[in-house]
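As a plain string of letters, each chain reads:
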Amino acid sequence: MRCRKCPKRAVLGLTRHNTAFCGDCLTDFVRTQVQRAIKAQRMFSPEDRILVAVSGGKDSLTLWEILLKLGYRVDALYVDLGIPGYSSRSKEKVEQFAKVVAEPCGSQLTIHTVEEDAGAGIKELANMIKRPTCSACGTIKRYQFNRVAWQNHYQVMATGHNLDDEAARLLGNVLQWQEEYLQKQSPNLPASVEGFAKKVKPLYRMTEREIAAYAVVNRIDYLVEECPMAKGAKMLVYKDALNRLEAESPGTKQRFYWGFLDRQEKSSSVAPSMSEIDQTTLQPCTVCSQPTTAGTCSFCRMMARAKTAVK
Amino acid sequence: MKVHLSHPTRDVVLQGPKRVADIFKELDLIPEAFLIIRGQDLMTEDETVADGDSIEIRPVISGG
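Residues numbered from 1 in each chain as written. Chains lettered and ligands numbered in written order. Predicted model: local features only at pLDDT ≥ 70, side-chain atom pairs only at ≥ 80, totals over all residues.

Chemist: Teacher, can you tell me more about the overall build of chain B here?
Modeler: Summing up its helical and strand segments, chain B has one helix and seven strands in all. In sequence order, the secondary structure elements of chain B are arranged as β-β-β-α-β-β-β-β. With the principal axes as the frame, chain B shows a C-alpha extent of 35 × 25 × 20 Å. Here chain B, with 64 residues, has 28% of them falling under the buried criterion. (Helix = DSSP H or I, 4+ residues; strand = E, 2+ residues; numbered from the N terminus. Buried ≥ 20, exposed ≤ 12 C-beta atoms within 10 Å, placed from the backbone.)

As structure tokens, then:
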């Protein structure tokens, strides 16, 4: 198979676009798509300071690399969850990337260690408070990323969520009719109230396969291993179902999620915006001051329960 | 040919030469969820893997 843009050998066929690219043209294509996403969704400008949430996986390290290549002012945060073996391997990938790729560009890595904060790793913490590990992990990551971004005056927090992530999440929300979550599926969530950082997903136009291929072509050394806590996760079931549909009808994932975004934009003139809803429902947490719908935020409630369990 | 797979990590041996698309079929894998890597290079579905080659079938799906 030949590249559709130049005479070189193709390294990846993109059936949803009915095309194929060599390594160089794939790199151009992915960076162009990310830049298009940033501009189309008004995510940030070259003057903004951006904090990327990194895990050591393909998506977050690729996002960090692309934003650096595109000339944005970007630093990164890694949350060490204390999962035996897995966390040390993922941290090693992040630190290596920071040293070799990011630091020479003036980009800094911050590491937050859950065990130092909570007195236990994520698995023990989840057991203590009797919550599923992935649920406790999500609460901690969202809280810490927002805290670090807000306290260090980053204008934007970026995550490596891709088209597969967003399509699978949309499928899950629609199957369960969780309409209240649909508004939060935008790739650009505004800093709606004091204490919330703006959150963006610049990879929402790219599939996982395209991002993984970009990482291989550009020698980004990421952790291939899956988080052991994700085994049996519903998201994986939804992704598998969508990939089976994609195999039969290329472009399904894109049509599903982008179609949802189009409809969301059309309805935005009549429905109240997320900012308007947040401004009427959120208040500062009585413990940490981060915005919450309850008196005390879910992170502070979780930490209080963990401290009680230790006693 | 030697084929390295992940999740769980394992190696299988297949008779070559074989087209990448046929390897996917034989192992009952959806191409959209994997990359095929020989050495450090990606392979497309129409390419052929020789009997003596070693390849990696790398999953691209993560828990999200």
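Following the structure, the description resumes.
Chemist: In this structure, what is going on with the packing of helix 5 (residues 122-129) of chain A against helix 6 (residues 133-151) of chain A? I would like to understand it.
Modeler: Angle between the axes and distance between the axes: these two values describe a pair of packed helices. Residue and element names in this part refer to chain A. The interhelical angle for the contact between helix 5 and helix 6, taken along N-to-C directions, is 110°, at an axis separation of 9 Å. Taken together, the axes of helix 5 and helix 6 lie roughly perpendicular to each other. Of helix 6, the residues touching helix 5 (which contributes Ile122, Lys123, Leu125, Ala126 and Ile129) are Thr133, Ala136, Cys137 and Ile140. Taken together, the residues of the contact of helix 5 with helix 6 break down into seven nonpolar, one polar and one charged. (Axes fitted to C-alpha atoms, helices over the stretch in contact; angles between N-to-C directions. Parallel < 35°, antiparallel > 145°, perpendicular 65-115°, else oblique. Contact = placed C-beta atoms within 7 Å. Nonpolar A, V, L, I, M, F, W, Y, C, P; charged D, E, K, R; others polar.)

Chemist: Looking at this structure, I do not really get the interface of chain B and chain A. What am I missing?
Modeler: One widely used convention gives an interface's size as the accessible area the parts lose upon coming together. With 18 residues of chain B at the interface, the matching set in chain A holds 27 residues. When contributions to the side of chain B that touches chain A are tallied by element, the ones reaching two or more residues are strand 4 (34-38) and strand 5 (41-43) of chain B. A per-class count over the side of chain B that touches chain A returns seven nonpolar, six polar and five charged.

Chemist: I'm lost on helix 3 (residues 86-102) of chain A in this one. Help?
Modeler: Think of an α-helix as turning once every 3.6 residues; residues three or four places apart then point the same way. Residues and elements named next belong to chain A. Between its first and last C-alpha, helix 3 extends 23 Å over 17 residues, near the 24 Å set by a 1.5 Å rise per residue. All buried positions along helix 3 are accounted for by Ser87, Ser90, Lys91, Lys93, Val94, Phe97, Ala98 and Ala102. Mapping the buried residues of helix 3 onto a view down its axis gives an arc of 155°, with all of them on the same face. Residues of helix 3 that are exposed and point more than 90 degrees away from the buried face comprise Ser88, Arg89, Lys99 and Val100. (Expected span 1.5 Å × (residues − 1). Arc of directions from axis to C-beta.)

Chemist: Would you mind showing me how to read the nonpolar core here?
Modeler: Nonpolar side chains in soluble globular proteins tend to be buried together. Residues and elements named next belong to chain A. Residues Ile50, Val52 and Ala213 are the most contacted members of the largest nonpolar core, which totals 87 residues. When residues of this core are assigned to their parent elements, the largest contribution, seven residues, is made by helix 9 (residues 208-217). Ignoring sequence-local partners within four residues, the contact set of Val52 consists of Ser60, Leu63, Trp64, Leu67, Val74, Ala76 and Ala158. (Core = buried A, V, L, I, M, F, W, Y, C linked by C-beta atoms within 7 Å.)

Chemist: What should I look at first to understand the sheet that holds strand 5 of chain B in this one?
Modeler: Hydrogen bonds along the backbone pair up the strands of a sheet, which may run parallel or antiparallel. The strand order across the open sheet built from five strands is 2-1-7-4-5 (chain B), with neighbouring strands paired in mixed fashion. In this open sheet, the two edge strands, each paired with only one partner strand, are strand 2 (10-13) and strand 5 of chain B. This sheet shows a mean twist of 30° between the axes of neighbouring strands, independent of strand direction. The strands touched by helix 9 of chain A within the sheet are strand 4 and strand 5 of chain B, with strand 4 of chain B carrying the most contacts at an inclination of about 20°. (Pairing = 2+ DSSP bridges.)

Chemist: It is not clear to me how the sheet that holds strand 5 (residues 109-113) of chain A should be interpreted in this structure. Could you clarify?
Modeler: Residue and element names in this part refer to chain A. Across the sheet, six strands lie side by side as 5-4-3-6-8-7; this open sheet has mixed pairing. Two strands bound the open sheet, and with one partner strand each, they are strand 5 and strand 7 (188-189). As judged from the six bridges shared by strand 3 (residues 49-54) and strand 4 (residues 73-80), these two strands associate in the parallel manner. Note that in strand 4 the partner of Val52 across the bridge is Ala76. Sheet strands in contact with helix 6 are strand 3, strand 4, strand 5 and strand 6 (156-158), and its direction is about 145° off that of strand 4.

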